[in-house]
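# Results of the structural survey
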Number of protein chains: 2
Amino acid sequence: MQEYATLRAFVAVARTGSVSRAAEQLHLTQPAISLKLKQLQANLGLTLFSRRPQGLALTADGHALLPAAEKALASAQVFEQTAGTLHSTLRGKLSIGTIVDPEFLRLGAFLSRLMARAPQLETELHHGMSGSVLNRIEQGDLDVGFYLAPPGEGSGQAHGGLAWRELTHFDYHVIAPAGGKIGLLTPVGSIWRRCHGL
Amino acid sequence: MQEYATLRAFVAVARTGSVSRAAEQLHLTQPAISLKLKQLQANLGLTLFSRRPQGLALTADGHALLPAAEKALASAQVFEQTAGTLHSTLRGKLSIGTIVDPEFLRLGAFLSRLMARAPQLETELHHGMSGSVLNRIEQGDLDVGFYLAPPGEGSGQAHGGLAWRELTHFDYHVIAPAGGKIGLLTPVGSIWRRCHGL
DNA sequence: TTAGATTACGAGGATCGTAACTATC
DNA sequence: GATAGTTACGATCCTCGTAATCTAA
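Residues numbered from 1 in each chain as written. Chains lettered and ligands numbered in written order. Predicted model: local features only at pLDDT ≥ 70, side-chain atom pairs only at ≥ 80, totals over all residues. Heavy atoms only, no water.

The name an unreviewed UniProt entry assigns to chain A is HTH lysR-type domain-containing protein, from the organism Vreelandella olivaria. In its Sequence similarities (unreviewed entry) section, the UniProt record describing chain A reads: "Belongs to the LysR transcriptional regulatory family." (UniProt positions renumbered as here; feature names shortened; annotations may be inferred.)

### A closer look at the protein's contact with DNA strand D
The full set close to DNA strand D counts 18 residues, and A:Thr29, A:Lys36, B:Ser20, B:Gln30 and B:Ser34 are the nearest of them. B:Val19 is positioned with one of its backbone polar atoms (N or O) 3.1 Å from a phosphate oxygen of DNA strand D. A distance of 2.6 Å separates a phosphate oxygen of DNA strand D from a polar side-chain atom of B:Ser34. Breaking the surface near DNA strand D down by element, the ones donating at least two residues are α3 (30-44) of chain A together with α2 (19-26), α3 (30-44) and β2 (55-58) of chain B. Classifying every residue of the surface near DNA strand D by side-chain character gives 7 nonpolar, 8 polar and 3 charged. (Near = heavy atom within 4 Å. Polar contact = N/O pair within 3.5 Å; in protein donor to acceptor, adjacent residues only side chain to side chain. Helix = DSSP H or I, 4+ residues; strand = E, 2+ residues; numbered from the N terminus. Nonpolar A, V, L, I, M, F, W, Y, C, P; charged D, E, K, R; others polar.)

### With respect to the side chain of B:Gln41
Residues and elements named next belong to chain B. Summarising the element assignment, Gln-41 is placed in helix α3. Exposure remark for Gln-41: the relative accessible area of 19% places this residue in the buried category. A polar contact of 3.2 Å, which involves the side chain of Gln-41, links it to the backbone nitrogen of Phe-49. (Buried < 20%, exposed > 50% of the residue type's maximum accessible area, 1.4 Å probe, protein only.)

### What about the protein's contact with DNA strand C?
A:Val19, A:Ser20, A:Gln30, A:Ser34 and B:Thr29 are the nearest of the 18 residues found near DNA strand C. Restricting the count to atoms of DNA strand C within 4 Å of the protein gives a sugar and phosphate share of 70%. Within the contact set of DNA strand C, a phosphate oxygen lies 2.4 Å away from a side-chain nitrogen or oxygen of A:Ser20. Note that a phosphate oxygen of DNA strand C is positioned 3.4 Å from one of the side-chain N or O atoms of A:Lys38. Taken together, the residues of the surface near DNA strand C break down into 7 nonpolar, 8 polar and 3 charged.

### Regarding the packing of aromatic side chains
One pass over the structure, following the stated rule, counts 3 aromatic pairs over all chains. For the pair A:Tyr4 and B:Tyr4, a centre-to-centre distance of 4.3 Å together with 25° between the ring planes defines the contact as stacked. With A:Tyr4 in helix α1 (residues 4-16) and B:Tyr4 in helix α1 (residues 4-16), the pair connects residues from two separate chains. Note on accessibility: A:Tyr4 and B:Tyr4 belong to one class, buried. Consider the rings of B:Phe10 and B:Phe49, whose centres lie 5.8 Å apart with planes at 70°: the pair is edge-to-face. Pair noted here: B:Phe10 is in helix α1 and B:Phe49 is in strand β1 (residues 49-52), with a separation of 39 residues, a long-range link. By relative accessible area, which is 0% here, B:Phe10 ends up buried. Relative accessible area serves as the criterion here: at 9%, B:Phe49 is assigned to the buried category. (Phe/Tyr/Trp six-rings, centres within 6.5 Å; stacked < 30°, edge-to-face > 60°.)

### Considering the pattern of salt bridges
Residues and elements named next belong to chain A. For the coordinates displayed, the defined rule picks out 2 salt bridges over all chains. Note that Glu-70 and Arg-15 form a salt bridge whose closest N and O atoms lie 3.0 Å from each other. Remark: Arg-15 occurs in helix α1 and Glu-70 occurs in helix α4 (residues 60-88); sequence separation between them is 55 residues. A relative accessible area of 58% means that Arg-15 is categorised as exposed. (Salt bridge = Lys/Arg side-chain N within 4 Å of Asp/Glu carboxyl O.)

### Points about the relation of the copies chain B and chain A
Each of the two chain copies goes to the other by way of a rotation about an axis and a shift along it. Screw-axis analysis of chain B against chain A gives a translation of 0.3 Å along the axis, an RMSD of 0.6 Å, and a rotation angle of 179°. Here the transformation between the copies is reduced to the relation of a two-fold axis. When you check the interface residues of chain B against chain A, 97% turn up at the interface there too, and the contact is symmetric in its surfaces. (Least-squares fit on C-alpha atoms with pLDDT ≥ 70 in both. Contact = heavy atoms within 4.5 Å.)

### A short note on α3(B)
All names here are of chain B. Relative to the 21 Å expected for 15 residues at 1.5 Å per residue, α3 spans 21 Å between its end C-alpha atoms, a close match to the ideal helical length. Those residues of α3 not exposed but buried are Ile-33, Leu-37, Leu-40, Gln-41 and Leu-44. Down the axis of α3, the sector holding all buried residues measures 95°, keeping them to one side. Exposed residues lying more than 90 degrees from the buried face of α3 are Pro-31, Lys-38 and Asn-43. Positive phi shows up at Gly-45, right after α3, with a value of about 70°. (Expected span 1.5 Å × (residues − 1). Arc of directions from axis to C-beta.)

Next comes the structure, spelled out in structure tokens:
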């Protein structure tokens, strides 16, 4: 089965009539495109292009395959777009409780990833000590907050009415109102569900 | 952009409701599927499955994405199939001149790859010494033949009215009537063009 | 000589399987 | 204990970019 990169190369070269322009368009180098074409033709056992002085031209076989390749790419884009609409419906304001040094929390990375996932989400940062963040979350004042966990405590458990989950690649934990089911009832709460991927 | 292997994993798990059965179906291991699912969900920023005692069940998001994934896969299969029909129209008999030991030529591998590319093609093997094969090709008695080339001779050149091309991964060469243009005029000749991918 | 394409090759990253671990019945 | 899934990790394969080579106008 041909991968998307291969199909993109094929379509780009077919449309531009040139490996160079296709490479430019796809932000790759000439050799990369050239190799992809070679692989595609070898896999299919077909000759899709013929060399012309000013570039490459489609053969009859290439012409016959182009529409199918374009459809395959279009379907893939539809998939991506469908996925996009599923979390672009997220709206609301997320109140985040922070502690200690934002640099230590890698807060910038966290926020940028959050924005990438849910661009329409507003965030509001509230700084405090670890204990006060816990209290304000329990009171519903904050939606989610950082929490320095004691080492060796495992992950994914619930305690004290709060659900917490270890963030891999980070040295801190995030807390949100318990159960995850509550999260689903409000726009803000659904954020918590989305955050599971971060 | 999600690759096909990822979409196949998603669809297989969604349909079977189990990583194990999906792995079996795709001839992969449980961890490979599990990783693909994790990557897909991370890329999309969505939770597609929820864990059940007997396996995994689609979430609402997963349900919404399944049709798009199936369409993307179907389009890819249409592309492959279209390519298949392009060289399944090949018919005719190919007379192949062989030399020395068929085992040494890896003739079985060559023929099986040829059959995979052009299933409707008949082949006819004629064994002889290297010189006689050359003569019979020049006389049009054979369509294509094996030839032990002197080392260091480069590849893709034409000499003595014959075109020859080095077969990568093999230690021998294939000869066919010169120019490749002649090849396009007859069913048998078009075989030579197809062989370029082997 | 210039423009365009291919080949060679090496570094970096992705993939997949084995093995070990966790959780649920 | 048995079943289902995940994590860890290492070997292998793939991809892409740089540099060199090839071909035609």
